[in-house]
Structures are given as C-alpha cells and as structure tokens.
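# Structural description and commentary
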Amino acid sequence: MMPSGNDGSTTMRRATDLALVVLFLVGITVPLIGLVGGIDPNQIAGENRRLAAPPRLGPGGVRELRRQTDEWFDDHFGFRSTLVATYGRIQFGLFGGGSTRDVVVGRDGWLFYAREHTIEGHCGLLPPFTAAELTGWQQKIEQRRDWLAARAIPYVLVIAPDKVTIYPEMLPPAWQSTFGPTRTDQVLAWMAAHSTVEIIDLRPVLREAKARDRVYHRTDSHWNDIGAFAGYRRIAAWLHPKFPPLRPLTPTDVRREETVGVAGDLAGLLAIVAYLREERIALVATTPSSCVPVALTPLMAAHERWYVEAYECPEAGVGRAVVIRDSFFDALQPYFTGHFRRVVYVRHMFASALIAAENPDVVVEEAIERVFTRTTDLLESDLPGG
C-alpha cells in the first residue's frame, strides 16, 4: 500500500528535524573538539588585539572567574579563525555587508569605522555639547597649555579628521545626509571664541589634498601617506616660524610608490583581511634619514601604558620635542622625526612627568576628531584633575 500524502509530509518533517538536530550537535561539539585537540585556535588575520588570557581565580571570586572563562573560550574555541573568517567573507561577498556593527560598508568597497558613534558624530546626530561641557573641554585643553607655558614650552593641539569627514560621499545612501554641526565644529568654534590655545584643524588641509589624490586607505580607518604628508606640511608650517632652522619637507623630498598589499584594520574587524587586497600609496624619502631609535629611560620603561618611542637625529637643526599622539601619527612620524635632535613619542597620555624630564622645546598633541564624540577628555593626562 502506498503511503499517504500526510505520511510523506511527516517523514519529510522528521528528516528535516533530525538534520537540524544533527547540525546543532555538530555546531556545538566541533568547536569543543577543536579546542581540546588544539585545532585552528589561531588569532584571526588583522585582529589587532591580545586574545584573552587563561582564567585565574582571584579577588573577584567565582563571578570574575566565570567572566574570564567566557572571554577565554570566545577567543580560543576550535576552528575559531576559520569559522569567523568564513562568516565575514559570506557577509561581505554575498550580502555586501559587514559581520560587525563596528564597521560600515560603503560604496565601491570603502570601509568606515563605526565605533564611538563616529558616523553619527559626522552626521550631526549626537546631542550637541552644552555650554558647561564646552567649558569643560576648554579647561582641560588650557590646563595642558598653561602647565607647559609655566615651563616656557610651546604647545599646539592637532585635530586629525576621521575618514568619514573627508569621504562622506562613499558612505551608504542611508548615511549621506548631515543634519547639523558636529561636536568637532562646536568645540573648535568655542575655543576660537573663548581661548587662545593654538589648535591646528587638519580637516581643511585634507579636503584640499583630496582634490588632487586619494588621502585615506579604502579598507583602513587611517589616512595614507598622501594624507599624512599633507597633515605634516601643515604642522611644519606652524613650527617653522618658531624654529627657523626647521626646513619643512616639500613634495620633491619624497617619491611616490604604488603597490598592492593586504587590506587594512577595518577589513581585520570584518575578519576578511586575508581575502581583500588594496592599492597602497606610499611616499618614500629621497634622502635616507639619520635618525636612530634610542633606549628608553628608566622612567619611560616603568610606564608601559605610555608606549614610548624615542629617537635621536644628530644632523637635525632643532632641539627636542615631545609628541602625544594616537595611531594617526604613525604615517606622519617619518616626516616629523628628522627635524629634531631628540623626539619622544607618547601614545594616549599627556605624561607630565616624562615631559618635565625631557624639558622639550615644543609639545605637539595630536588626536583624532572622534574624541569629541565623548563628553570627557582628549587623550589621558596625569595632571591633577586631568
């Protein structure tokens, strides 16, 4: 006797349910088997962070141990690299989207950093700063300027533009419209009206350079060497009147090189850095640098959070500089360093103890403009109340 239609449907439904159960069991057991067997526990290509350390019972007790265990497993389960990278490739290649909210996929393969409300900040969608908050920004910045002025050290604050500020037209259509002034506009306008701190806003410089060439990487959050060189030229123009022996580099002092290389940090956040390539534009100095890295002082070595680098340039015509910076200064650093006999770079910290020990001729502080999506401070400071 032939099975009825209902019997066929029931059989098919049971087979489907069984297949789903098997897939579920495979999905939860294979990573565990891989973890026990040490199969593909590697860090994902382009993942610029330290993986979680093994859990340890400490003062936080069982609750803290459980949190550490969860973080460690998330970072070390078997086949993690393959699974995450495959998911990222499917999301980007098939659906034209990203595998994380931290990155916005724009037109023609352009990627944009989306943490810290960077996109909303560009579109003027964040609540504007109040007068009290703007006064707070002013006091924080002036505190640094005044501390240095008491030691006869010039200070300048440099604002590097977010990629979305320079290339908003490459955003998806949903983000194309802006709705008001940004917090960066607010802070800089307030400072111009209420303060005498010298601030270099690099947004106009980068927009001007963009008219001639591409100034940011497509798959990275940072500017390329063209953009960094434009920013350097503006900073050097500020320095030259104060230090006449300082000769700013010109376009004839560098040569352009184009290569095809690996994708940038935003592709890393999407776990697709191994599958994307990008045309890289580099500017290489035509004259080799005489600068050499030097050993850290005991004070520098004692503060790992400062991420200090120190260089000496015997042929430079100007004395000493301290630069407080973030990762945007990486591409600018080769042009800047050669102007000073000694340069100390500090990441993310206005380290007054280090500055006092170095007694520099100038302090340059660079910060990416998305710091103004916050309501607190620029880079950290160890000044009282900083």
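Residues numbered from 1 in each chain as written. Predicted model: local features only at pLDDT ≥ 70, side-chain atom pairs only at ≥ 80, totals over all residues. Heavy atoms only, no water.

### A look at the overall build of the chain
Put simply, the rule is: Numbered from the N terminus, helices here are DSSP runs of H or I no shorter than four residues, and strands are runs of E no shorter than two. Residues count as neighbours in contact if any of their non-hydrogen atoms are within 4.5 Å of one another. To be clear on the numbers: accessible area is Shrake-Rupley with a 1.4 Å probe, and residue cover counts the displayed protein chains and nothing else.
Along its length, the chain carries 13 helices and 13 strands. Here the analysis covers contacts within the chain between residues at least 6 apart in sequence; of these, 70% occur between residues at least 24 apart. Carbon and sulfur atoms make up 58% of the accessible area of the chain, which amounts to about 20,000 Å² in all.

### Quick notes on the sheet that holds strand S10 (residues 340-347)
Our working rule: For two strands to count as paired, DSSP must find a minimum of two bridges between them. Inter-axis angles, ranging from 0 to 180 degrees, are taken between N-to-C directions of lines fitted to C-alpha atoms, where helices are fitted over the stretch in contact.
On the basis of which strands lie adjacent, the open sheet formed by seven strands has the order S4-S3-S12-S9-S10-S8-S7 and mixed pairing. A strand with exactly one partner marks an edge of an open sheet, and here the two such strands are strand S4 (199-201) and strand S7 (292-293). Pairing of strand S3 (residues 155-160) with S4, which is carried by three bridges, proceeds in the parallel orientation. The residue bridging isoleucine 159 from the neighbouring strand is aspartate 201, located in S4. The sheet contacts of helix H12 (residues 329-337) involve strand S8 (309-312), strand S9 (318-325), S10 and strand S12 (362-368), and relative to S10 the element is tilted by about 165°.

### Concerning the pairing of S9
Definition in use: Only protein chains enter the accessibility calculation, which uses a 1.4 Å probe; a residue is then buried when its area is under 20% of its type maximum, exposed when over 50%, and partly exposed in between. Whether a crossover is right-handed depends on one test, that the path from the first strand over the helix to the second runs clockwise when the strands point away from the viewer.
The buried fraction of S9 is high, at seven of eight residues. When S9 meets S10, the two strands line up parallel, connected through seven bridges. Within S10, the residue paired with isoleucine 324 across the bridge is valine 346. At this point the chain moves from S9, through H12, to the parallel S10, and the crossover so formed is right-handed. Strand direction decides the pairing type here: S9 and S12, joined by four bridges, are parallel.

### Considering the state of the cysteines
Structurally, a disulfide amounts to a covalent bond that connects the sulfur atoms of two cysteines. Selection criterion: For the purposes of this analysis, a disulfide is any pair of cysteine sulfur atoms at a distance within 2.5 Å.
Tallying each qualifying case throughout the model produces one disulfide. Across a sulfur-sulfur distance of 2.0 Å, cysteine 291 and cysteine 313 are joined as a disulfide pair. Of note, the bridge from cysteine 291 to cysteine 313 carries an S-S torsion of about 110° and is right-handed in sense. Of the two residues, cysteine 291 sits in the loop between strand S6 (277-285) and S7 while cysteine 313 sits in the loop between S8 and S9, which places them 22 residues apart along the sequence. A relative accessible area of 1% places cysteine 313 in the buried class.

### Some thoughts on unusual backbone geometry
Residues apart from glycine generally show negative phi values, whereas peptide bonds are mostly found in trans. One non-glycine residue with positive phi stands out, namely histidine 348, at about 65°. Counting through the fold element by element, histidine 348 comes out in the loop between S10 and strand S11 (349-350). According to the relative accessible area criterion, histidine 348 is partly exposed, its value standing at 36%. Even without being glycine, asparagine 359 reaches a positive phi, approximately 45°. Following the sequence through the fold, asparagine 359 ends up in the loop between helix H13 (352-358) and S12.

### Some thoughts on the pattern of salt bridges
Defined as follows: Here, a salt bridge means any Lys or Arg side-chain nitrogen found within 4 Å of an Asp or Glu carboxyl oxygen.
Considering all chains together, one arrives at 22 salt bridges under this definition. Glutamate 279 is paired through a salt bridge with arginine 218; the nearest N and O atoms lie 3.1 Å apart. You can see glutamate 279 sitting in strand S6 and its partner arginine 218 sitting in the loop between helix H8 (203-210) and helix H9 (225-242), a full 61 residues away along the chain. Linking arginine 342 and glutamate 312 is a salt bridge whose minimum nitrogen-to-oxygen distance equals 3.1 Å. One end of the pair, arginine 342, is in strand S10; the other, glutamate 312, is in strand S8, and 30 residues separate them in sequence. Among the ionic contacts, a cluster of salt bridges with common partners joins Glu309, Arg325, Asp330 and Arg347.

### With respect to the packing of aromatic side chains
Quick reminder of the rule: Between rings of Phe, Tyr and Trp, where Trp is taken as its six-membered ring, a pair exists when centres lie within 6.5 Å; planes separated by under 30 degrees are stacked, by over 60 edge-to-face, and by other angles tilted. The criterion for a charge sitting over a ring is simple: Lys NZ or Arg CZ within 6 Å of the ring centre, and within 35 degrees of the ring normal.
This structure, assessed with the given rule, holds 17 aromatic pairs. Consider the rings of phenylalanine 229 and tyrosine 232, whose centres lie 5.6 Å apart with planes at 35°: the pair is tilted. Within this pair, phenylalanine 229 and its partner tyrosine 232 are both found in helix H9, separated by three residues, close to a single helical turn. Residues phenylalanine 229 and tyrosine 232 agree in their burial class; the two are buried. A cation over an aromatic ring shows up here: lysine 163 above the ring of phenylalanine 112, its NZ or CZ 5.3 Å from the ring centre. Between lysine 242 and the ring centre of tryptophan 238, over which it is positioned, the NZ or CZ distance is 4.1 Å.

### With respect to the packing of H9 against H12
Defined as follows: Geometric relationships in this document are graded by angle, where less than 35 degrees denotes roughly parallel, more than 145 denotes roughly antiparallel, 65 to 115 denotes roughly perpendicular, and other angles denote oblique. The sense of a crossing depends on the near helix, which, turned anticlockwise from the far helix by less than a right angle, makes the crossing left-handed and, turned clockwise, makes it right-handed. Residue polarity is assigned by list, with Asp, Glu, Lys and Arg as charged and Ala, Val, Leu, Ile, Met, Phe, Trp, Tyr, Cys and Pro as nonpolar; anything else, Gly included, falls into the polar class.
The N-to-C vectors of H9 and H12 enclose an angle of 55°; their axes lie 8 Å apart at closest approach. In terms of their interaxial angle, H9 and H12 are classed as oblique. The interaxial crossing formed by H9 with H12 has right-handed handedness. The residues of H12 that touch H9, namely those facing Asp225, Ala228, Phe229, Gly231, Tyr232, Ile235 and Leu239, are Phe329, Ala331, Leu332, Tyr335 and Phe336. Looking at the contact of H9 with H12 residue by residue, the class counts come to ten nonpolar, one polar and one charged.

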